[in-house]
Amino acid sequence: MCRPLNKDYRAADFQQLSQLIRNHPLMKTTTSEQLPMQKLRSPEYRTKCVMRASLDDIALGINLFKLHLGGDRDRERDTAKAETVGFAPAVRKSAKPTATPFIKVLLRKTPLVVLFERPSMTAEADSEEGRQVLADNRRYEQLLAGTDKSRRTVDSETQTISTLLKSRLVNTERLHTDQVASYVSNFEMFDTYKDLEASTKSVQVQGAQQMEVTTYRVGGVDQFVGINKLPSFRLALMLTMRILASNVYEPEQRRFRNMTPPDPLAEDVKFRYRLRLLWRLSAPASCPLPGTRQAVTGISFCPSNGDIFAVSYGIYTYAQLGKQPDISAGHVYVWNIKNPVNPERCYNYSVPVVTLQFAPAAPQLLAIGLHNGDVQVRDISQPEDQPPLASSQRSSSPHFEPVTSIKWIQRTDGDVPGEPDLTPLLAASQSGAITKYQLINSPHLLGFQHQYFERAEAELEGIPLQCQAQRVPLLANRHVQCLELVLDPLQTDFYYVLTDEGTMYKCSTNYPLQHLEQRQVHETPAVCMDFSPWSPKLYLTCGSDWCIRIWMGGILLPLITLQHHLSPVHCARWSRTHSTILVSLSHSTIDIWDLRNSTLKPVSSTTIDARIDYTTFCFSHCGRCLAVGNEAGNLLMLAFEDMPFPPHFQYRQLKRALFKALALDPELLQQVKSVGSFSYPGGGKHTAAQ
């Protein structure tokens, strides 16, 4: 029987053994050497294995480590059992789970070592490199073509055991193409067009409104630009836009063509002399400053087709030039009522355009007067990118002042025979010159100076001037400015010229360099003159002295003077449907006068866009519509509504209204009666070009 072991004795032995192990020289040397190395190593270095071994060596080492760990656990278990024998009941301590061994393996890629490399000596026959190789081979064969230069060569494969040939299983069947119908979804269309370069452009539509159009580029080239240059595409686009515009403006177009005349049997007929706005034609803005446009300076309807009319854009007043100094360009647009949104012809100029006029004998010809004194004739039936048909030259028209008025005249015996369509034209300039141009077989107009007016120095016939004459005459400019040119409705060789002095000159194309008659019609510049459609002797004039005066040939004093607004009258014309009605235009109002009702004030005054000044107006062929232009570049197409029914005897009604207005002036009334009948020979109506 063994004696029981003493616990304190064993504890003292273990402490002594531990102290001997710590004091051993080998333990001190190892600890002192490892501590500096552990401080130098990073945490990442300490957690990664840096030994160089293969995967098989790593797997074998892990298995051996597991076996070693298993043997150590068994020995520890046996030692623990031996220690507990004979001792007092020991307190069981909670056993900590042994950590599973984990080894981190870091695999790095070694540098690539090229032991042997032989590049391919073949090239594709269709490539540039292949063609160069073929040329080198042919040259090599030519160099070895001689008998003494030939050498024996053998074709064989290298680095291959057997020759690699293409088997029949690799070959495919012959491809056949065919056209079949297929359904295309939106996703497929998106995938198709995503490779195209899309660009968005904004197209101006009716003033400030804009429409965005998306175009695509293929290979960096915009396809829409090339398509837009085709004449067939432009014609198709013009017809398509006419059809689309008719869906919106169909009622207004019917009204413009006078397809809905007033019903004479209507019960609620009221004579209001009203003007209704049909549509507004806005030219595209081309000025560098935003919100600025050229003013409407001239309007002319085509003689053979009333749906077509031309509008010129430029500078109307010098006050506008001072407010907008960057306006230096001009435009001429040819509009069609079938498309009131966009013009069908656009002609751009580097200088403002002042006036224009269609040729009566050749309606496709359009004469254009520019601000620098040049005159051009264009054929609107040709594409707009074509050059002008003829232009004036400085050798025949040396004046640099603006061309204020152009009128086509009928041919005379002295003109070029055998060419009835090439009618001459007269152009009035602010330099005081009247130039006659003739179309010839040349890109230039044949012109020569017809008249050159000088300022009046004595008192003239007509109205007496209230202002006193200058004591010292101004010699800087001895020539008047021609502002308006009007042809006589009966005698084709007579024409009338209005000047800035308020004078009217009567001239003849058969007597150049002299005038037949001179009369003072206004105290200030006279700007407009128009003959009555029912009388070749009755005409009206208007000017900047706020007055509209009605004259009769052979009588020196005006028959009727109309004055209502304290502002200049820009334009005044007789109505084409009523012999006693005339229309006048001031800065902000459009006035309708009826001589049967009153000569003191107009029967109606219409204001549209009160903040924008009006410039000029023109009647349509039917006479029931009015085209009015303003300084903002807008053309207002107005229709006469609630007008009185035209009398059956227009001349009789006009004569009666004149006698009624002259009832308070018996002397002047007696002069009018002494003239006799002042209607056209045989009666009827005659409308001259506006």
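You'll find the structure just up there.
This report concerns the structure included in the present document.

**Observations concerning the overall build of the protein**
Thought 1: Counting its regular elements, the protein contains 11 helices and 32 strands.
Thought 2: Counting only residues that meet the buried cut, the protein has 37% of its 690 residues in that class.
Thought 3: If you take every contact in the protein between residues at least 6 apart in sequence, the share linking residues at least 24 apart comes to 54%.
Thought 4: Accessible surface computed for the protein: about 44,100 Å², of which carbon and sulfur atoms make up 55%.

**Some words on the side chain of Asp530**
Thought 1: Along the chain, the position of Asp530 falls in strand 22 (residues 526-532).
Thought 2: Of the residues examined, Asp530 reaches a relative accessible area of 8% and is grouped as buried.
Thought 3: Look past the residues within four positions of Asp530 in its chain and what remains in contact with it is Tyr539, Leu540, Ala572, Arg573, Trp574 and Arg576.

**A look at helix 8 (residues 231-256)**
Thought 1: End to end, helix 8 covers just 30 Å across 26 residues, shorter than the expected 38 Å (1.5 Å per residue, more than 12% under).
Thought 2: The principal kink in helix 8, of about 85 degrees, is found at Tyr249, preceding the proline Pro251 by one to four residues.
Thought 3: Inspection of helix 8 places Met238, Arg242, Ala245, Tyr249, Glu252, Gln253, Arg255 and Phe256 among the buried residues, and these make up the whole buried set.
Thought 4: In the stretch just after helix 8, Asn258 is the one whose phi turns positive, near 60 degrees.

**Side note on the nonpolar core**
Thought 1: Of all hydrophobic cores here, the largest spans 44 residues; its most connected members are Leu559, Ile590, Leu626 and Val628.
Thought 2: Contacts of Leu559, omitting those with residues within four sequence positions, involve Leu538, Ile550, Met552, Leu662, Leu668 and Val672.
Thought 3: Counting 23 residues, the second-largest nonpolar core is a separate cluster that includes Ala245, Tyr249, Val341 and Met637.

**A closer look at helix 10 (residues 650-661)**
Thought 1: Look at helix 10: 17 Å from first C-alpha to last across 12 residues, which is about the 16 Å you get at 1.5 Å a residue.
Thought 2: Taken together, the buried positions of helix 10 are Gln650, Tyr651, Gln653, Leu654, Ala657 and Leu658. Looking down the long axis of helix 10, one finds its buried residues gathered within 160 degrees of arc, a one-sided arrangement. Every exposed residue of helix 10 that faces more than 90 degrees away from the buried side is listed here: Arg656 and Lys660.
Thought 3: Looking at the packing, one finds that the buried side of helix 10 touches strand 22, strand 23 (535-543), strand 25 (560-562) and strand 26 (571-574).

**A closer look at the sheet that holds strand 29 (residues 604-606)**
Thought 1: As summarised here, the arrangement of the 4 strands in space is 26-27-28-29, forming an open sheet in which the pairing is antiparallel. Edge strands, defined here as strands with exactly one partner in the open sheet, are strand 26 and strand 29. The average angle at which neighbouring strand axes cross in this sheet is 15 degrees, direction not considered.
Thought 2: Both strand 27 (residues 581-585) and strand 28 (residues 590-594) contribute to a ladder of 5 bridges, which runs antiparallel. Bridge pairing in strand 28 places Leu582 opposite Trp593.

**Some remarks on the pattern of salt bridges**
Thought 1: Per the stated rule, a full pass over the model turns up 15 salt bridges.
Thought 2: With a closest N to O distance of 3.3 Å, Arg274 and Asp642 form a salt bridge. Separated by 368 residues along the polypeptide, Arg274 in strand 4 (residues 274-282) and Asp642 in the loop between strand 32 (634-641) and helix 10 bring together distant segments of the chain.
Thought 3: On the accessibility criterion, Arg274 (34% relative accessible area) is partly exposed.
Thought 4: The class of Asp642 is partly exposed, set by a relative accessible area of 26%.
Thought 5: We note a salt bridge from Arg576 to Asp530, for which the minimum N-O separation is 3.3 Å.

Rules used throughout
Each chain has its residues counted from 1, following the order in which its sequence is written. Only residues with pLDDT of at least 70 are given local features in this predicted model, and only at 80 or more are side-chain atom pairs given and counted; all residues enter the totals for whole chains, interfaces and linings. The side-chain figures draw on all heavy atoms in the structure; neither hydrogens nor water molecules are used. A run of DSSP states H or I qualifies as a helix once it reaches four residues; a run of E qualifies as a strand once it reaches two. Both are numbered from the N-terminal end. Here's how the labels work: a residue is buried when its accessible area is under 20% of the maximum for its type, exposed when over 50%, partly exposed in between, all with a 1.4 Å probe on protein chains only. By the convention used here, residues are in contact when the closest approach between their heavy atoms is within 4.5 Å. Each accessible area is a Shrake-Rupley estimate made with a 1.4 Å probe; only the visible protein chains count as cover when residues are assessed. Expected helix span is computed as 1.5 Å times (number of residues minus one). The angle between axes fitted to the seven-residue stretch ending at a residue and the seven-residue stretch beginning at it gives the bend at that residue. Residues grouped as a nonpolar core are buried Ala, Val, Leu, Ile, Met, Phe, Trp, Tyr and Cys residues, joined through side-chain atoms within 4.5 Å. Relevant arc is that of directions from the helix axis to the C-beta atoms, nothing else. Whether two strands pair depends on DSSP finding at least two bridges between them. Throughout, an axis means a line fitted to C-alpha atoms (over the contacting stretch in the case of helices), and angles, computed between N-to-C directions, take values from 0 to 180 degrees. One side-chain nitrogen of Lys or Arg within 4 Å of one carboxyl oxygen of Asp or Glu is enough to make a salt bridge.

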